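In case you want the letters, here they are:
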Amino acid sequence: MSSVRLFFALWPSPSLAASLAGWAEQARPTTGGRVMRTETLHLTLAFLGPVDAQLADTLAAATPGHQLPAGEVALDHYGVFSRQRILWAGPRQTPAGLQAAHDSLWQWLADFGLTAPPQPFRPHVTLLRNIEHAQPPDTTPAPLSWRYDRMVLVASESLTGGSRYRIVAQSRPAGGVAPALAQSPGCNDQGSP
């Protein structure tokens, strides 16, 4: 039986994605590495990994009926995952509302037989991969405020040198119209040349 790699994420507006790309370019001289393509930048709420294709279809059908509580997160510093050689942007502390949204999402996913990972939630946006120096830059750009009101379900397809992301569903906005997404269906995370 076939499977699909899935994750739920917050997807930035085009202007926020452009600002995050600026953060990546500012950090690159210090850390080295490969800059992520602007249209692939996101904040993962729940990484599901490979799931059965039938469950993937069920989740895609159920996601528009799910509502993510609106909230805001301030991206105010760089961080590093040394083992994975990743530089990221994120909040110094996870906002209570974002933690609650993460926890609520996993409670909803439990109804589909999915289990939350044991490690704590660390909200971040991957900016650079394969960094050469595991120290983040000493200075951080001005904080970015990310207001969110919905999440997306994304399928990730492995390709040589990266992954291709395809948004397959979007949750219902928490009141009002959702802002435009920063990417079109079928973007690659292979980074800039």
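These notes cover the structure that comes with them. (Residues numbered from 1 in each chain as written. Predicted model: local features only at pLDDT ≥ 70, side-chain atom pairs only at ≥ 80, totals over all residues. Heavy atoms only, no water.)

Digging into the overall build of the chain
So, step 1. When helices and strands are tallied, the chain shows 3 helices and 11 strands.
So, step 2. Reading the secondary structure of the chain in the N-to-C direction produces β-α-β-β-α-β-β-β-α-β-β-β-β-β.
So, step 3. For the chain, the proportion of its 193 residues judged to be buried stands at 46%.
So, step 4. Long-range contacts, defined as pairs at least 24 residues apart, comprise 81% of the intrachain contacts of the chain with a sequence gap of at least 6.
So, step 5. Total accessible area computed for the chain in this model is approximately 9,300 Å², and 51% of it derives from carbon and sulfur atoms. (Helix = DSSP H or I, 4+ residues; strand = E, 2+ residues; numbered from the N terminus. Buried < 20%, exposed > 50% of the residue type's maximum accessible area, 1.4 Å probe, protein only. Contact = heavy atoms within 4.5 Å. Areas by Shrake-Rupley, 256 points an atom, 1.4 Å probe, with all protein chains shown as cover.)

What to know about the layout of surface pockets
So, step 1. Of the voids in this model, the largest pocket is the one considered here, and its volume is about 970 Å³.
So, step 2. Surrounding the largest pocket, 34 residues form its lining, T44, F47, F81, Q119 and H124 being those nearest its centre.
So, step 3. Elements with a contribution of two residues or more to the lining of the largest pocket: β1 (3-10), β3 (43-52), α3 (96-110), β7 (125-129) and β10 (162-170).
So, step 4. For the lining of the largest pocket, the element with the most residues is β3, which contributes 4 residues.
So, step 5. Of the residues in the lining of the largest pocket, the class split is 15 nonpolar, 13 polar and 6 charged. (1 Å grid on protein atoms, 1.4 Å probe; cavity = no way out; pocket = protein on both sides within 12 Å on 5 of 7 lines; lining within 4 Å. Points joined across faces, edges and corners; volume = space filled by probe spheres on them. Nonpolar A, V, L, I, M, F, W, Y, C, P; charged D, E, K, R; others polar.)

With respect to α3
So, step 1. Here α3 is 15 residues long and its end C-alpha atoms lie 21 Å apart, about the 21 Å a rise of 1.5 Å per residue gives.
So, step 2. What α3 keeps buried is the set L98, A101, H102, L105, W106, W108 and L109. Taken around the axis of α3, the buried residues stretch over an arc of 160°, which confines them to a single face. For α3, the exposed residues lying more than 90 degrees away from the buried face are A96 and Q107.
So, step 3. Contacts made by the buried residues of α3 are with β1, β3, α2 (53-62), β4 (71-75) and β8 (144-148). (Expected span 1.5 Å × (residues − 1). Arc of directions from axis to C-beta.)

Regarding the environment of I86
So, step 1. Along the chain, I86 turns up in strand β6 (residues 86-90).
So, step 2. The buried category is assigned to I86, whose relative accessible area is 9%.
So, step 3. Along the backbone, I86 and N130 are 44 residues apart, and their C-alpha atoms lie at a distance of 6.2 Å.
So, step 4. Leaving out residues up to four positions away in the same chain, I86 has contacts with G79, V80, F81, T126, L128, R129 and I131.

Examining the sheet that holds β7
Sheets are built from strands paired through backbone hydrogen bonds, the pairs being either parallel or antiparallel.
So, step 1. Pairing is antiparallel across the open sheet formed by 4 strands, whose spatial order is β2-β7-β6-β5. At either end of the open sheet lies a strand with only one pairing partner, and these are β2 (34-35) and β5 (77-81).
So, step 2. Relative to β7, β6 runs antiparallel, the two sharing 4 bridges. Of the residues in β7, the one forming a bridge with L87 is L128. (Pairing = 2+ DSSP bridges.)

Some thoughts on the pairing of β6
Moving residue by residue along a regular strand, the side chains alternate between the two faces of the sheet.
So, step 1. Of all 5 residues in β6, 5 are buried, a share of seventy percent or more.
So, step 2. Burial along β6 is two-sided: I86, W88 and G90 facing one way and L87 and A89 facing the other are all buried.
So, step 3. Two strands pair when backbone bridges link them, and β5 and β6 are joined in this way by 5 bridges, in the antiparallel orientation. By the bridge assignment for β6, H77 is matched with G90.
So, step 4. The antiparallel hairpin formed by β5 and β6 contains 4 residues in its connecting segment, where R85 sits at a positive phi of about 60°.

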